[in-house]
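Each chain, letter by letter, is given below.
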Amino acid sequence: NNLMNIAIDGPAGAGKSTVAKLVAERLSYLYIDTGAMYRALTYAALEKNVNLEDEDALDQLLEGIDIDLKHTKNGVLVYVNKADVTELIRTDDVNKHVSLVASHPSVRIEMVERQRTLAKGTDAVLDGRDIGTYVLPDAELKVFLTASVEERARRRHEEQVKKGLPSNLEELKKDIARRDELDSTREFAPLKKANDAVEIDSTSMSIEEVAASIINLAKERA
Ligand code: C5P
């Protein structure tokens, strides 16, 4: 049986991580949340008051940081040098700054190396922005998952409300659109559909439907 890497890329809030987690679970593959890695560095930089425009400073910070994605019964926990930052990397503050941190080439080069190491020699599902185009150009299956900005914002809003957190739909829409713009216009490995990726528009699909179609594609290619 050949090893399989599945790349799931797409804009913010398209449901990549939910779907990737589900697909990985069903296929007993390793799930690698690459966005969590950029978020972890952003969180650490904000904590230490590192200037987020300063590529060298961020690069140095990253050198001294272990980012662990620990798989537990309760989901994937994210650790920075042994501290659990799972919740801390999902704040508005991190949302607002992560794309700037992720725009620096030397940060990306180090992250990509770590991601390739994690995915090597194992069946894995990776979600991110540049997995199919840059991290794993030879991935057996590449999916580009999209949804309209309105729908993506609506889903986030619903999640927040369900958690009892304050949420503003218009703000969410702006935030998502801004992050997409930064991610797809950056110079180094921008968000882009790989030529050989299968595009799935999830605007009017359920998570179950999206996961099922990815699993079908994976089975076809196994
Ligand atoms: O997927 P998530 O929304 O958690 O990613 C957070 C941010 O990390 C993205 O908006 C993007 O700026 C950056 N990112 C990236 N490349 C990846 C994954 C995430 O640049 N492979």
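Provided above is the structure to which this section pertains.
Residues numbered from 1 in each chain as written. Predicted model: local features only at pLDDT ≥ 70, side-chain atom pairs only at ≥ 80, totals over all residues. Heavy atoms only, no water.

**Student:** A description of the nonpolar core should follow, citing residues and the corresponding values.
**Tutor:** Buried together is how nonpolar side chains tend to be arranged in soluble globular proteins. Within the largest apolar cluster, 36 residues are counted, with the highest numbers of intra-cluster contacts made by Leu-41 and Met-111. Those elements giving two or more residues to this core turn out to be α2 (34-47), α3 (55-63), β3 (67-72), β4 (75-80), α4 (92-101), α5 (105-119), β6 (124-128) and α6 (131-135). Top contributing element to this core by residue count: α2, with 8 residues. Once you skip the residues sitting within four places of it in the chain, Met-111 turns out to touch Met-37, Tyr-38, Leu-41, Leu-62 and Ile-67. Listed in part, the 22 residues of the second largest apolar core include Ile-6, Ile-8, Tyr-29 and Val-143. (Core = buried A, V, L, I, M, F, W, Y, C linked by side-chain atoms within 4.5 Å. Buried < 20%, exposed > 50% of the residue type's maximum accessible area, 1.4 Å probe, protein only. Helix = DSSP H or I, 4+ residues; strand = E, 2+ residues; numbered from the N terminus. Contact = heavy atoms within 4.5 Å.)

**Student:** Could you give an account of α3, naming the residues involved and the relevant values?
**Tutor:** By the burial criterion, the buried members of α3 are Leu-58, Leu-61 and Leu-62. Angularly, the buried residues of α3 cover 100° about the axis, an arc narrow enough to put them on a single face. Those residues of α3 that are exposed and angled more than 90 degrees off the buried face are Asp-56, Gln-60 and Glu-63. Each element contacted by the buried residues of α3 is listed here: α2, β3, α4 and α5. One side-chain oxygen at the N-terminal end of α3 lies 3.2 Å from the backbone nitrogen of Asp-56; it belongs to Asp-54. (Arc of directions from axis to C-beta. Polar contact = N/O pair within 3.5 Å; in protein donor to acceptor, adjacent residues only side chain to side chain.)

**Student:** Could you give an account of the sheet that holds strand β7 (residues 141-146), with specific residues and numbers?
**Tutor:** Sheet architecture is open: 5 strands sit in the order β2-β6-β1-β7-β8, paired in parallel fashion. Among the strands making up the open sheet, the edge pair consists of β2 (30-33) and β8 (198-201). Each strand axis lies, on average, 20° off the axis of its neighbour in the sheet, ignoring direction. Of the strand pairs in this sheet, β2 and β6 are connected by 4 bridges, and their pairing is parallel. By the bridge assignment for β6, Tyr-31 is matched with Val-125. (Pairing = 2+ DSSP bridges. Axes fitted to C-alpha atoms, helices over the stretch in contact; angles between N-to-C directions.)

**Student:** An account of unusual backbone geometry is needed here, citing residue identities and associated values.
**Tutor:** One non-glycine residue, Asn-81, lies in positive phi territory at about 40°. Within the secondary structure, Asn-81 is located in the loop between β4 and β5 (83-84). By relative accessible area, Asn-81 is classed as partly exposed at 40%. The backbone of Lys-82 shows a phi angle near 75°, a positive value even though the residue is not glycine. Assignment of secondary structure puts Lys-82 in the loop between β4 and β5.

**Student:** Which residues make up the pattern of salt bridges, and what values go with them?
**Tutor:** Applying the stated criterion across every chain, the model contains 14 salt bridges. For the salt bridge of Glu-171 with Lys-174, the shortest nitrogen-to-oxygen distance reads 3.6 Å. Within this pair, Glu-171 and its partner Lys-174 are both found in helix α8 (residues 169-185), separated by 3 residues, close to a single helical turn. Residue class for Lys-174 comes out exposed when judged on its relative accessible area of 56%. In this structure, a network of salt bridges that share partners links the residues Glu-151, Arg-154, Arg-155 and Glu-158. (Salt bridge = Lys/Arg side-chain N within 4 Å of Asp/Glu carboxyl O.)

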